Amino acid sequence: MNAPTALSHLAPQVTQRAIPAEFLTALQARFGAQCSTAMVVREQHGRDESVYEVPPPVAVVFAQATQDVADAVKLAAQHRVPVIPFGVGSSLEGHLLAVQGGISIDVSRMNEVLAINAEDLTVTVQPGVTRKALNEAVKSEGLFFPIDPGADASIGGMTATRASGTNAVRYGTMRENVLALEVVTASGEVIRTGTRAKKSSAGYDLTRLMVGSEGTLGVMTEITLKLYPLPEAISAATCSFPSIEAAVRCVIQVIQLGVPIARCELIDHNTVRMVNAHSKLGLREENMLLMEFHGSPASVKEQAETVQEIANDFGGNAFEWADTPEERTRLWTARHNAYFAAIQSKPGCRAISTDTCVPISRLADCLLDSVAEADAAGLPYFLVGHVGDGNFHFGYLIDPTKPEEHTLAEALNHKLVARALRLEGTCTGEHGVGLHKMDFLLTEAGVGAVDMMRTIKRALDPDNILNPGKIFAI
């Protein structure tokens, strides 16, 4: 398979729908101070971390309860006005942009942890709860929620994009960790999908359908998640390698041997330099793996020793351990800030992020050819990867005033995605489709599968009001 030849997504298709005056009047009558039409508020809700420039929504509703969401969607449905859910705005693919106008429903005030069921290892939260707030709430029970996409994203946004991140190699993604949902449908009806039971064979799996639907099938208002016991012992380490290939081959060997590593992150030498400058660290400016091991003291020791032996076989050196919580936090905070470190390395720049994932056995082939292409192009970039599960990201740093740099970055992205698809991978491992990956989804899934997705969308949202213009065109 080949990626599309035309860079048709360099500028999203913007077709603003007419918003009836009576709709805005009814919205303000129902919500009062919870509804804002102030330009500064609208602009805040009309931008994410993507490079797209799109007019903001016409109004923002700050929901405080499920009924608020239901009432807002009902009003929108009556007037066929688009509705876009908003969490914290950390998405990278244009998910929350009002490409067809409409309103933004901000769920950040719906931030309560509703029930912690420690005996069952589950928790139910509202969508505005962030991952850090959730872990703060459950740590006194000796539990934690492992999905860690880097940004302090909302649980609603993480569920909508089927997020994963640094711990996915051991704990899976949001797909494996969401048990049940409360969802407001396109008509404003409130439904529940799934239960707190660990498994079910009861009918269609509507929970999995909603997870990853990016706000196009419903607005999530409650989410029930799996929790995990806090590990008895945790140890983190960094290891430098003479080349990216050596680091990747080491990771492949670790995974194929079945070592239950919790985190395994690749940072190339460019990114290590940026992270050092941003976070005031003294990491060796070489290609590096950041690893973390969870378990009993004995199992952590065994895992670490096994990985160290494998790393030695691939030229890994300078193992440095971070055993205290403070050292680990500093190390992983620096990793999570790699995006911002890169942005600050080139003042005024924007980053175009990639997000491919391939079978672990094909990781080296995909990654090394992509590095060679990026180096030959001469465009500054950073490279990080959740390489334990075959997922990696380039961030091409472009001057937004130079269209030729944007075009070059997108051309590199196209080559990268085409390569990943040839190697039986995917165009997005965790960021979602949004606007940026729409063409790629058609290439990856095929016309028949995308047509089936459209059929589902039309059945559940016949007037196309839920985050229209995302994932695929209707």
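Analysis parameters
Residues numbered from 1 in each chain as written. Predicted model: local features only at pLDDT ≥ 70, side-chain atom pairs only at ≥ 80, totals over all residues. Heavy atoms only, no water. Salt bridge = Lys/Arg side-chain N within 4 Å of Asp/Glu carboxyl O. Helix = DSSP H or I, 4+ residues; strand = E, 2+ residues; numbered from the N terminus. Buried < 20%, exposed > 50% of the residue type's maximum accessible area, 1.4 Å probe, protein only. 1 Å grid on protein atoms, 1.4 Å probe; cavity = no way out; pocket = protein on both sides within 12 Å on 5 of 7 lines; lining within 4 Å. Points joined across faces, edges and corners; volume = space filled by probe spheres on them. Nonpolar A, V, L, I, M, F, W, Y, C, P; charged D, E, K, R; others polar. Patch = residues over 30% accessible without salt bridge, like charges linked within 9 Å, V, L, I, M, F, W, Y side chains within 5 Å. Areas by Shrake-Rupley, 256 points an atom, 1.4 Å probe, with all protein chains shown as cover. Phe/Tyr/Trp six-rings, centres within 6.5 Å; stacked < 30°, edge-to-face > 60°. Lys NZ or Arg CZ within 6 Å of the ring centre and 35° of its normal. Contact = heavy atoms within 4.5 Å. Pairing = 2+ DSSP bridges. pLDDT = per-residue confidence, 0-100. Lys, Arg positive; Asp, Glu negative; His and termini not counted. Polar contact = N/O pair within 3.5 Å; in protein donor to acceptor, adjacent residues only side chain to side chain. Axes fitted to C-alpha atoms, helices over the stretch in contact; angles between N-to-C directions. Parallel < 35°, antiparallel > 145°, perpendicular 65-115°, else oblique. Left-handed = near helix turned anticlockwise from the far one by under 90°.

Caption draft 1: Looking closely at the pattern of salt bridges. All chains considered together, the criterion is met by 23 salt bridges. Across the pair Arg 30 and Asp 71 runs a salt bridge, and its minimum N-O distance is 2.8 Å. Here the residue Arg 30 occupies a position in helix 1 (residues 21-31), and Asp 71 occupies one in helix 3 (residues 66-79), the gap between them amounting to 41 residues. Accessibility expressed as a relative area gives 19% for Asp 71, which makes it buried.

Caption draft 2: Structural detail: empty space enclosed by the protein. Applying the stated rule across the entire model yields one cavity of 30 Å³ or more. As a volume, the largest cavity reaches approximately 90 Å³. Of the residues assigned to the lining of the largest cavity, the class counts are five nonpolar, three polar and three charged.

Caption draft 3: Highlighting a nonpolar patch on the surface. A cluster of nonpolar side chains, Tyr 204, Leu 206, Leu 209, Met 452, Ile 456 and Leu 460, forms an exposed patch at the surface whose accessible area comes to about 610 Å². Where the nonpolar patch is concerned, the elements lending two or more residues are helix 8 (206-210) and helix 17 (447-460). Considering each element in turn, the nonpolar patch owes the most residues, three residues, to helix 17. Relative to the elements of secondary structure, Tyr 204 occurs in the loop between strand 9 (190-194) and helix 8.

Caption draft 4: Quick peek at the packing of aromatic side chains. In the structure shown here, the tally under the stated rule is 10 aromatic pairs. An angle of 75 degrees between the planes, with centres 5.1 Å apart, marks the rings of Tyr 171 and Tyr 228 as edge-to-face. In this pair, Tyr 171 sits in helix 6 (residues 168-171) while Tyr 228 sits in strand 11 (residues 228-229), placing the two residues 57 residues apart along the sequence. Taken together, the aromatic side chains of Tyr 381, Phe 392, Phe 394 and Tyr 396 make up a single cluster linked through ring pairs. Geometry around Trp 332 places Arg 263 over its ring, the cationic atom sitting 4.3 Å from the centre.

Caption draft 5: Structural detail: the environment of Gly 429. Turning to its location among the elements, Gly 429 is positioned in the loop between helix 15 (403-422) and helix 16 (438-445). When its relative accessible area of 30% is taken as the criterion, Gly 429 is described as partly exposed. Residues Gly 429 and Thr 356, spaced 73 residues apart in sequence, show a C-alpha to C-alpha distance of 5.6 Å. Setting aside residues up to four positions removed in sequence, Gly 429 forms contacts with Ser 164, Asp 355, Cys 357 and Asn 391.

Caption draft 6: Molecular detail of the pairing of strand 8 (residues 178-184). The buried fraction of strand 8 amounts to seven of the seven residues, a majority that puts the element mostly inside the structure. Note that strand 8 and strand 10 (residues 219-226) share six bridges and pair antiparallel. Counterpart to Val 184 in the pairing with strand 10 is Val 219.

Caption draft 7: Layout of the confidence of the model for the chain. Averaged over all residues, the pLDDT of the chain is 94; the fraction at 70 or higher stands at 98%. A low-confidence stretch, residues 1-6 stays under pLDDT 50, and its non-local contacts, those more than four residues away or across chains, total 17 contacts.

Caption draft 8: Structural view of the side chain of Asp 355. Residue position: Asp 355 is located in the loop between strand 16 (350-353) and strand 17 (356-357). With no salt bridge to any partner, buried Asp 355 finds its closest opposite charge in Lys 437, at an N-O distance of 4.4 Å. Of note is the side chain of Asp 355, whose polar atom sits 3.0 Å from the backbone nitrogen of Glu 430. At 2.7 Å, the side chain of Asp 355 and the backbone nitrogen of His 431 are in polar contact. Discounting chain neighbours no more than four positions away, the residues touching Asp 355 are Asn 391, Phe 392, His 393, Thr 426, Cys 427, Thr 428, Gly 429, Glu 430, His 431, Gly 432 and Lys 437.

Caption draft 9: The sheet that holds strand 3 (residues 83-86), seen in detail. Here we have four strands laid out as an open sheet, ordered 1-2-4-3, and mixed in their pairing. Of all strands in the sheet, those with a lone pairing partner are strand 1 (35-36) and strand 3, marking the two edges. Sheet topology note: the strand 2 (residues 59-62)/strand 4 (residues 103-106) ladder contains four bridges and is parallel. Directly across from Val 61, in strand 4, lies its bridge partner Ile 105.

Caption draft 10: Layout of the packing of helix 9 (residues 244-256) against helix 11 (residues 297-313). Closest axis-to-axis distance for the helix 9/helix 11 pair is 9 Å, and the angle between their directions is 140 degrees. The orientation of helix 9 with respect to helix 11, classified from their angle, is oblique. Along this stretch, helix 9 crosses helix 11, giving a crossing that reads as right-handed. Contacts between helix 9 and helix 11 pair Cys 250, Gln 253 and Val 254 from the former with Val 307, Ile 310 and Ala 311 from the latter. Taken together, the residues of the contact of helix 9 with helix 11 break down into five nonpolar, one polar and no charged.

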